[in-house]
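Chain residues, written in single-letter form:
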Amino acid sequence: MTADRRDPVVRTPYGDVRGTYEAVNGDGTRIAVFRGVPYAAPPFGPRRFRPPSPPEPWSGVRDAVAFGPTPPKPPYSEAFARYLSDPAVPGDDCLNLNVWTPEPGPGARLPVLVWIHGGALTRGSSAVPVYDGAAFARDGVVLVSLNYRLGVEGYGLFPDAPPNLGLRDQLAALEWVRESIGEFGGDPDRVTLAGQSAGAISVGALLAMPRARGLFRRAVLQSGPPEALDRDKVRRMVRRMANRLKVPATAEAFAAVDRSALVEAQAEVGRLSSPVLGGPAFGIVVDGDLLPTDPLQALTEHGAAPGTDLLMGWTRDEHRLWLVPGGLQERVDRLGTVALAGARARCHCGPEVPRAYRELHPDKGTADLVGRLVTDHLLRVPLHRVADARVDQARSWVYEFAWSSGLPALGSCHALELGFVFDTGDTPASAKLAGERPPHDLATALHSAWVRFVTEGSPGWPVWDHTHPVRVFDSPDLEPVVLGPYDPELALWAADARRPRRGQGAGTFVTSGGGPIPALRRFRRSP
């Protein structure tokens, strides 16, 4: 319930929380914001490397006016910190969430958007300024953003601890939303789940998860496919950390290590990882329990999440975010055919594929060809498969964000669309990636499409069918829907999938498919 216009107070199952009213639009419109609301107990002490448990109830009214603690994580390298913001808030109570709502109180029954941040499952948090939910609340949507355990704390694989703890955190947050969001003005039967990059991969896993059924009715996957990482790859990551720390590769031993030392070891072991070029990493795994089947297989072959409508897409130049910082774009260009051979190994494809890419895109340099080929293999092809497989059981819409950043060489890189989706392009955090004064009309178009999908069930362009319609967001003055823009590449991958081969490793968009490209190993940079 609402106390007064200066001091919104809402009841949760564990106690009352006090938020704050904040102005939007400069016209007197105000929304209520609650930050740092716990949805689970602190995952430390006896709860470390254990599934999330409910928070301890509190008496009185708990202040929820500042972002809560963020999970342990390493900072971005200097090269990536120029483009990406990632605030760190100290404290143990890191399993918390935030709510932006235009009308706190049980009678509003407004649509809800739950946001899962990206960051390769090792970085990021709900406190990133780009994810401010004020514009969604301004437009009648209750926005919820959440933290979850990262890195080895959330995705380590141990013989004495359950896997996928970060994914279990996300499920616990969704269960909290189901139980509590009505008091904040939301409708628990009108929840859309959305995420970008690793957040989108998490959405894909939750779509495939039997225990998540009924917790959301629509989903948005931005620049991340449904996927699971090979268990041996995660075990190798844990063993490398254990060797560096000189402890056994068990949850009990890791729990005895100081958090800062654990984060430092994780950063050192993962510093050579790259979504484009491969390397060691943490990731979601099939565990036979919470996640019984590979998410892509569940959605394309087993009919998972029937009736759940999807909005999916990518940016035109995803790879530029990993190749431009540190000058890797130019170095890959200089390697020429060596880099293309490495990309072939990365994607486990025949020589016909990179050769055909060169013919399809004669104007592209080597780095862009490598980036396009790997991104198509790990992201665009899986999302096309999902959309195609679900034509008869649910609706899907596909987009491409193609506007180029105002900063040199970034193009339409990974994560660039976020400031447009949240309509936060005027913030310094967005400007780090987009440059100054990005087109507001384009932000209005993208943000409004997401609002329409959440509130009405359609973003406003033709639903996916055999013609493969893709809404391209580029110029603020145009609203093009292009039919089958990636069909030639899809045909190449379909033909390649039919060729005989001895073996194929598991690939992931966030991390690694097969081994790293040897010729590029010394050039790689981690976020």
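Described in the following lines is the structure provided in the data block. Everything quoted here is computed from the prediction, not taken from an experiment. (Residues numbered from 1 in each chain as written. Predicted model: local features only at pLDDT ≥ 70, side-chain atom pairs only at ≥ 80, totals over all residues. Heavy atoms only, no water.)

1. Quick look at the overall build of the protein
Next up, step 1: Scanning the protein for helices and strands turns up 18 helices and 14 strands.
Next up, step 2: Compactness check: the protein gives a C-alpha radius of gyration of 22 Å against a globular reference of 24 Å for 527 residues, within 12% of the reference.
Next up, step 3: By principal-axis analysis of the C-alpha atoms, the protein measures approximately 65 × 60 × 45 Å.
Next up, step 4: Here the protein, with 527 residues, has 61% of them falling under the buried criterion.
Next up, step 5: A sequence separation of at least 24 residues applies to 78% of the contacts in the protein between residues at least 6 apart.
Next up, step 6: Surface exposure of the protein reaches about 19400 Å², of which carbon and sulfur atoms provide 50%. (Helix = DSSP H or I, 4+ residues; strand = E, 2+ residues; numbered from the N terminus. Rg over C-alpha atoms; globule rule 2.2 N^0.38 Å. Buried < 20%, exposed > 50% of the residue type's maximum accessible area, 1.4 Å probe, protein only. Contact = heavy atoms within 4.5 Å. Areas by Shrake-Rupley, 256 points an atom, 1.4 Å probe, with all protein chains shown as cover.)

2. Considering the pairing of strand β11 (residues 309-315)
Next up, step 1: β11 sits mainly inside the fold: seven of its seven residues count as buried.
Next up, step 2: Side chains D309, L311, G313 and T315 project from β11 onto one buried face, and the interleaved L310, M312 and W314 project onto a second face that is buried too.
Next up, step 3: As defined by bridge partners, strand β10 (residues 218-222) adjoins β11 across five bridges and the pair is classed as parallel. Paired with Q222 across the strands is G313, a residue of β11.
Next up, step 4: Pairing analysis gives six bridges linking β11 to strand β12 (residues 396-401), with the strands arranged parallel. Counted as the bridge partner of G313 is Y399 from β12. (Pairing = 2+ DSSP bridges.)

3. Points about the side chain of N147
Next up, step 1: In this fold, N147 is placed in the loop between β8 (142-146) and α3 (151-155).
Next up, step 2: For N147, the side chain forms a polar contact with the main-chain nitrogen of S126, separated by 2.9 Å. (Polar contact = N/O pair within 3.5 Å; in protein donor to acceptor, adjacent residues only side chain to side chain.)

4. With respect to the nonpolar core
As a rule of thumb, nonpolar side chains are buried together in soluble globular proteins.
Next up, step 1: In terms of nonpolar packing, the biggest core is built from 94 residues, with L206, F216 and F254 touching the most fellow members.
Next up, step 2: With residues up to four places along the chain from it excluded, the contact list for L206 reads I116, L167, Q170, L171, L174, L193, A212 and F216.
Next up, step 3: Of all hydrophobic cores here, the second largest spans 49 residues; its members include L418, V421, A449 and F453. (Core = buried A, V, L, I, M, F, W, Y, C linked by side-chain atoms within 4.5 Å.)

5. A word on the sheet that holds strand β14 (residues 481-483)
Next up, step 1: Strand order in the open sheet formed by eleven strands is β3-β4-β6-β8-β7-β9-β10-β11-β12-β13-β14, with mixed pairing between adjacent strands. Edge positions in the sheet fall to β3 (20-24) and β14, since each of these pairs with one other strand and no more. Between one strand axis and the next, the sheet turns through 25 degrees on average, direction left out of account.
Next up, step 2: Against the sheet, helix α5 (residues 198-208) touches β7 (110-116), β9 (186-196), β10 and β11, its axis set at about 130 degrees to β9. (Axes fitted to C-alpha atoms, helices over the stretch in contact; angles between N-to-C directions.)

6. A look at the sheet that holds strand β2 (residues 15-18)
Next up, step 1: The three strands are arranged β1-β2-β5 in an open sheet whose pairing can be described as mixed. If you trace the sheet from one side to the other, it starts and ends with β1 (9-12) and β5 (61-63), each paired once. Direction aside, neighbouring strands of the sheet carry axes that sit 35 degrees apart on average.

7. Remarks on the pattern of salt bridges
Next up, step 1: Scanning the entire structure with this criterion turns up 26 salt bridges.
Next up, step 2: Ionic pairing is found between R271 and E268, a salt bridge with its closest N-O pair at 2.9 Å.
Next up, step 3: We classify E268 as partly exposed; its relative accessible area is 33%.
Next up, step 4: A single network of salt bridges, built from pairs that share partners, joins R109, R178, D187 and D189. (Salt bridge = Lys/Arg side-chain N within 4 Å of Asp/Glu carboxyl O.)

8. Looking at the side chain of K73
Next up, step 1: By the secondary structure assignment, K73 is in the loop between β5 and α1 (78-81).
Next up, step 2: With residues up to four places along the chain from it excluded, the contact list for K73 reads D86, P87, A88, T122, R123, G124, S125, L150 and V263.

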